[in-house]
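# A look at the structure
What follows is each chain in one-letter form.
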Amino acid sequence: MSYPERVVWLEERTELGVLSENALAAIGEVLEEKVVPAQTRLVQENTIPDGLYILKQGRLEGDRINQTGSVWMISLLPGAIIHLQELLFGQLTQRTVIALSECQLWFIPANKFQELVAAYPEISQAFTQKLAMELVQLSSQLTYEQERQTILRPYLVTKAKRGVVGKSRYAERLRQQIKQATNDMDSVLIFGEPGLEKDNLAALIHFGSDHRREPMIKLDCSTLQASGADLFGRAGGKPGLIEWLGTGTLLLNNIQELPEELVPKIAHLLETKTFTPVGVQELETAALEIECQAKIIMISERTLPSIDRLVKHLIKVPPLRVRKADISDQLEYYMRLFCRAKGVAKPQITEEALRRLQSYDFPGNLRELESLVQRAIVQSPGTKLLTEEVFWSVQTKKKVFRVNLLNAYPWLRQFLRSPWWPDRINYWFTFSFFAFVVAVLFLAPQNRQENFALNLFWAWWWPLILIGFPFVGRLWCAVCPFMIYGEITQKLSLWLWPRQLKRWPRQSAEKWGGWFLFGLFALIFLWEELWNLENTAYLSACLLLLITAGAMIFSTIFERRFWCRYLCPIGGMNGLFAKLSMTELRAQQGTCSAECTTYQCYKGGPQKGEGLATNGCPLYSHPAQLEDNKDCVLCMTCLKACPHRSVELNLRPPGIELWTTHTPHSYEVALLMLLLGGVFLHRLPEINSWLGWNLNLTQFWPHLGFSLAALLLPVTITFVAYGWIRLMIWFNVTRTHNFIKPRSFVELAYGYLPLVLGGNLAHYLRLGLGEAGRILPVSLATFGLHGEGLPIIVAHPAVIAFLQGVTLIFSVICSVILTQKIARQSFRGLLPQHLATIVLCVGLWVIIVN
């Protein structure tokens, strides 16, 4: 730019245009050009000015670092003059000036400017009066700013405590939402559970915005006046906080506790960005409305329909229980913060402790996690490792009274992860032994006194499996020969005919599979009774082959163990009784959601870390999602596949799932009643004798009719009892008008489950204690040899009767307790079901014990 152009530019674009042409010409001669890169500090406050700056192009920002407020913060555009006042009055620089973009400036050194002032007194005369007026305005602004700071100081938020910690998708989304909310002055609602530091997120929004130099105040809505005078001010009185705040940020905490009278006013403020001072007459409201310049951020523990629709930025803060992947980062952050404050070395946290924390749901969220970390460090001074013991309060409701047997007995984990369980047992022993047993059933003598296979099946297997249910649940299914042959058939068919097996028709199977196995079990019961399977070897073999054929056929059609999960009658019974087990296989949900990305326990996959290569769960059950024992066969595939040691084999209160996480199903109740009717079915001769009917059970049709009646007897008694319960509720409602929603029959029927198990066990104790001990002579008799002199161990009939009676009494007590747990109602309200339990027990006592 030429010299004449400089003079013209100074005259037209700057305050120096009031000077004479000679003065402007003199100034134009001494101007020096300077270029300042972006984000460069041009001036430091409280220093001696080095000269006069005139901004030619670009943008500068001036502010006092140690003082906030609109008085000090200014934005400088082309034509602005810097240090004019300081050089004329001999002052120190008042502001720190930073280049927001690359700037071109003209510069006059301080000594040359003083020479110009001495040579042209008009420079001093022209600006002294103007600067004096500006000084008066500045003094007035300072007085206002001091009063403003005094009023706002009790509510000020000075900084954000921390950023969003973590790398999960929830943390990334939260950071993105916060960034979006900083880009404008629109209102924000942050909602979520207690303990999530929502006020800190609000601070992040304010201090990340362009208005971060403006004040941010925080108000608790529960303490606001119902009139709103503290917020909106009074007509003719002092302004309210919103007016004092100006272009700052208003944080309304606990908006759900806002007085009802204020809700419409806050809604109007959000919708129109205007408010009316308290005390304004209704006709004057529109004329006296004041524009709100502040950004409004609200915090709530839940959504508010009247507010949500008026808010542009709605931010839901996810609870810590769904952000398990962030727990590790949060732990590191809190430990580093606390140890730095205390001046101690930061310990490391063990993997077991991390898994325990990840399995916990943290109802107190981040606040609870921070407290746990601080307490763990305080109670472990000088330690280098924080173990799971120091986090003693971290236990979910699902973990109450649980003991992980795999941690208590490492040898058990080693065995269950070895090739022995269950593959070598199944393919080296079960496969061949089952074939041998079936052959013996067909070829050997056909009665239990001379056929050891028949003795094993009825006198050994049935009592032992019934005794095992309360202890090991569905363990039998892990070594079940039916699915061993099913798996072998599946592998052979794929080798001979390579193809893609069909995926499970889950919807149809869930709807009809339970009824299929119920019908099949009913037919088996009738077949067993009408054709005397207990004492007919080849028919027992046919029963075993029938179930095996079902497993083999469906294994050639569908992948994995479709038959085992949905259609097997024995599996249905096992799954039902396994609900009473004192053991369970589960996984730590937090560890699975935080660390697992492959889900190899469910889908299968190659070896990863300590996780072994597997084909995935044969029943398509994820251990972290199991709510009961019905769909877990304890094959330990998930334990072998998991690289994070998430899988647990827990000791727990027996049957706890039935009154906590259980989901009732009508087909399970039908099977339950069928199994109870089966006990009466097995004792038809005793019932016939006790009733004095003298029916000829050798004739098919009378025998069939009597069998069906025996199967229907328990369900009839239980339905009568349930009808009695509903009738009692109806009378109570009629008398007191207090409606009590009754539990459904399907829910309450699970209370009979201990009685069903006890009744079946009491029935088979006769065979187990009276015939199982004869296995050695029976084994020799199977092959035509004499077993005279071989030991026989059988119980006295009185001992058997005593144990049968104790079993029935104990099962009745357990049924009453379980019914109360499931229903959560008064004993009196459930008295009809308890009486039905006693009636059924008496019936079983008469036909089994006597």
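Placed above this text is the structure.
Predicted model only: the values in this text are computed from it and were never measured.

## Some thoughts on the overall build of the protein
Along its length, the protein carries 34 helices and 20 strands. The globule rule puts the C-alpha radius of gyration for 850 residues at 29 Å, and the 42 Å found for the protein is more than 25% above it. Projected onto its principal axes, the C-alpha coordinates of the protein cover approximately 140 × 70 × 55 Å. The buried share of the protein, reckoned over its 850 residues, is 52%. Sequence separation of 24 or more characterises 78% of the internal contacts of the protein that already satisfy a separation of 6 or more. When the accessible surface of the protein is split by element, carbon and sulfur atoms take 60% of a total near 41,000 Å².

## Observations regarding the sheet that holds strand β14 (residues 295-300)
Spatially, β10-β11-β14-β9-β15 is the arrangement adopted by the 5 strands of the open sheet, whose pairing is parallel. Looking at which strands have only one partner, the edges of the open sheet turn out to be β10 (216-220) and β15 (313-316). Between one strand axis and the next, the sheet turns through 15° on average, direction left out of account. Summarising the sheet, strand β9 (residues 188-191) and β15 pair through 4 bridges and their orientation is parallel.

## So, the side chain of Thr583
Counting through the fold element by element, Thr583 comes out in strand β19 (residues 583-587). Within the structure, Thr583 has its side chain in polar contact with the backbone oxygen of Phe471 (distance 2.8 Å).

## What about the pattern of salt bridges?
Considering all chains together, one arrives at 32 salt bridges under this definition. Its salt-bridge partner being Asp329, residue Lys167 comes within 2.8 Å of it at the nearest N-O pair. Of this pair, Lys167 sits in the loop between α5 (122-152) and α6 (169-181) while Asp329 sits in helix α12 (residues 327-342), placing them 162 residues apart in sequence. The partner of Lys579 in a salt bridge is Glu668, and the shortest N-O contact between them spans 3.5 Å. Pair noted here: Lys579 is in the loop between α23 (569-577) and β19 and Glu668 is in helix α27 (residues 666-682), with a separation of 89 residues, a long-range link. Overall, the relative accessible area of 5% leaves Glu668 in the buried class.

## Observations concerning the packing of aromatic side chains
Enumeration over the complete set of coordinates arrives at 38 aromatic pairs. Ring centres of Tyr360 and Phe362 lie 4.7 Å apart, and the angle between their planes is 65°; this geometry places the pair in the edge-to-face category. In this structure, Tyr360 and Phe362 share a single accessibility class: buried. On the numbers, 4.8 Å between centres and 70° between planes, the contact of Phe457 with Trp458 is edge-to-face. Each residue in the set Trp504, Phe516, Phe554, Phe558, Phe562, Trp563, Tyr566, Tyr602 and Tyr620 is aromatic and connected to the rest through ring pairs, giving one cluster. Across from the ring centre of Phe107, 4.1 Å away, lies the NZ or CZ of Lys34, which sits over that ring. Here Arg424 stacks its cationic end above the ring of Trp420, 5.3 Å away from the centre of that ring.

Cut-off values and rules
- Sequence order sets the numbering: in each chain, residues are counted from 1 along the sequence as written.
- Residues qualify for local features only when their pLDDT is at least 70, as the model is predicted, and side-chain atom pairs are given and counted only at 80 or more; totals for whole chains, interfaces and linings, by contrast, use all residues.
- Heavy atoms throughout the structure, all of them, feed into the side-chain values; hydrogens and water do not.
- Under the DSSP-based scheme used, a helix requires at least four consecutive residues in state H or I and a strand at least two consecutive residues in state E, with every element numbered from the N terminus.
- Here the globule rule reads 2.2 Å times residues to the power 0.38, and the radius of gyration is calculated from C-alpha atoms.
- Summary of the burial criterion: residues with accessible area below 20% of their type's maximum are buried, those above 50% are exposed, and those between are partly exposed, where the area comes from a 1.4 Å probe applied to protein chains only.
- Two residues form a contact once any of their heavy atoms are found within 4.5 Å.
- Here, Shrake-Rupley sampling with a 1.4 Å probe gives the accessible areas, and only protein chains in the shown set may cover a residue.
- We treat two strands as partners when DSSP finds at least two bridges between them.
- With axes taken as lines fitted to C-alpha atoms, and helix axes fitted only over the stretch in contact, angles between N-to-C directions fall between 0 and 180 degrees.
- Polar contact is the term for a pair of N or O atoms within 3.5 Å; when the atoms are in protein, one must be able to donate a hydrogen and the other to accept it, and sequence-neighboring residues count only if both atoms are side-chain atoms.
- By salt bridge we mean one thing: a side-chain nitrogen of Lys or Arg within 4 Å of a carboxyl oxygen of Asp or Glu.
- Aromatic pairing here means that ring centres of Phe, Tyr or Trp (its six-membered ring) are within 6.5 Å. Orientation follows from the plane angle: under 30 degrees is stacked, over 60 is edge-to-face, and everything else is tilted.
- Put simply, a charge is over a ring when the Lys NZ or the Arg CZ is close to the ring centre, within 6 Å, and near the line of the ring normal, within 35 degrees.

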